[in-house]
Amino acid sequence: MPTIAVERPGRVELATLPPLALYVHIPWCVRKCPYCDFNSHERSGALPEQEYVARLLADLESLLPSVWGRRLISIFIGGGTPSLFSPAAIDSLLSGVRARIPVEPIAEITLEANPGTVEAARFRGFRDAGVNRISLGVQSFDDPMLAALGRIHSAAEARRGVEAALASFDNVNLDLMYALPTQTMDMARADIRQALACGVPHISAYQLTIEPNTAFYSRPPTLPEHDACADMQLAIEEALAGAGYEHYETSAFARPGHRCKHNLNYWEFGDYLGIGAGAHGKVSFPDRVTRHERIKQPRDYMAAESTVSKQTTVDVRELPFEFMLNALRLIDGFPLALFAERTGLPFAAVQAQLAEAERQGLVQRDWQRLRPTERGRLFLNDLLALFVGGGSAGRGSGVRVAGPATRTS
Ligand code: SF4
């Protein structure tokens, strides 16, 4: 496979800057789930809400010089379990953000919540604070499955949580997981039926995977066989399509008009500021694309003089892979012009890789869009491997399909 021929290595030229979003990380949970590899920490005692919000806002201020004159199209408060924070703390966070950077009037503002940590009054408080979308980490409606996942809520609490969220918000996402320990096809079907019965406009369905540095990694549970997992995925996709949900990203399904704007901005290789312990961000400039990372440990994050743990300019040779890693997750792919718009590189930079991907039946394109084929979606790792480090990696190069964290807690 030839390497990417970039006309002027080391330089990019962006004609316009991408949309800008804000990710806020709140790193505490009631209990650490055994499958979770997020930067989440079991809380002990009262949460340092005020201190943490003050730190988040100082963190945001430190990033402002890199985004002067730009507006936020969305805010996503993720974790951890952000719903452990009081509505008053979320209110002072969002007011503080608005006082520091312009926010589009129709900006999507999501807060992740877990059943068992929220009730109707709390949801009303979050709505009054300016949150307009809730992402609820339900995962399953089956008590033994929830217990196997180490979740703190029961199926009844999950149902009550969804009801309470829908009483205050039109825009609600429900997270569901499948291929759970000892789960059968009938159980997976029952879960998706119950999720659909809730009437939420957005559902994210994730296959449980065992990640390093988790309790499941040290003591792996017995998971369904590979073929059974694929059948569950198919059954879930069929059930969602039958109920009128559009499958628009590997794991995301929405009723018309309810696609998640914040996550779409990740997948379309937009910019985002990341504040909070361990948060990541990406900011473009006319001649470069940069990434930043915050200190991971909450205690250190709050105490350190500077919250930055890493700041880099993305190597121009990595940009095609980074773009594809996100954009090829989209079922409808992307407009061809978006590649040059977001990476500052000519489309010719990936011609050879795309020709190879087409030859392998992994992508298809017309004069307007490029999209993964069904085979491309199935073998996304192989497809992405074509773009690694200038396209020299081949099948089985160990590329892991993962964009910015979009799974809810
Ligand atoms: S899965 Fe969610 S609730 Fe569980 S530990 Fe991770 S972030 Fe916390």
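Before any of the text, the structure's been laid out above.
Going along each chain's sequence as written, the residues are numbered from 1 onward. For a predicted model such as this one, the threshold for reporting local features is a pLDDT of at least 70, and the threshold for listing and counting side-chain atom pairs is 80 or more; totals across whole chains, interfaces and linings nevertheless cover every residue. In computing side-chain properties, one takes all heavy atoms of the structure into account and sets aside hydrogens as well as water.

1. Description of helix α13 (residues 351-359)
- Accessible area is worked out with a 1.4 Å probe on protein chains only. A residue is then buried under 20% of its type maximum, exposed over 50%, and partly exposed in between. Helical segments are the DSSP runs of H or I of at least four residues, strand segments are the runs of E of at least two, and each set is numbered from the N terminus. Restricting attention to buried positions, one finds in α13 the residues Q353, L354, E356 and A357. Down the axis of α13, the buried set is contained in an arc of 160°. They therefore lie on one face.
- Considering only its buried residues, α13 is in contact with α11 (319-327), β16 (363-365), β17 (369-372) and α15 (380-385). It is the directions from the helix axis to the C-beta atoms that the arc portrays. The contact definition used throughout considers only heavy atoms, calling two residues in contact when any of these lie within 4.5 Å.

2. Remarks on the packing of α11 against helix α12 (residues 336-343)
- For every element, the axis is a line fit to its C-alpha atoms; helices are fit only across the contacting stretch, and the angle between N-to-C directions ranges from 0 to 180 degrees. It is the contact of α11 with α12, at a shortest axis distance of 10 Å, that shows an interaxial angle of 130°. With respect to their mutual orientation, α11 and α12 come out oblique. Classified by chirality, the crossing of α12 by α11 is right-handed. In contact with L319, P320, F323 and M324 of α11, α12 contributes L338, F339, R342 and T343.
- Along the lines of polarity and charge, the residues of the contact of α11 with α12 split into 6 nonpolar, 1 polar and 1 charged. For classification purposes, angles smaller than 35 degrees are called roughly parallel, those larger than 145 roughly antiparallel, those between 65 and 115 roughly perpendicular, and all remaining angles oblique. Helix crossings are classified by the rotation of the near helix relative to the far one: an anticlockwise turn of less than a right angle makes the crossing left-handed, while a clockwise turn makes it right-handed. Residues are grouped as follows: Ala, Val, Leu, Ile, Met, Phe, Trp, Tyr, Cys and Pro are nonpolar; Asp, Glu, Lys and Arg are charged; all remaining types, including Gly, are polar.

3. Points about the environment of L345
- Looking at the secondary structure, you find L345 in the loop between α12 and α13.
- Here L345 falls in the buried class, since its relative accessible area comes to 2%.
- Sequence separation between L345 and P221 is 124 residues, and the spatial gap between their C-alpha atoms is 45 Å.

The values are spatial; any link to function lies outside them.
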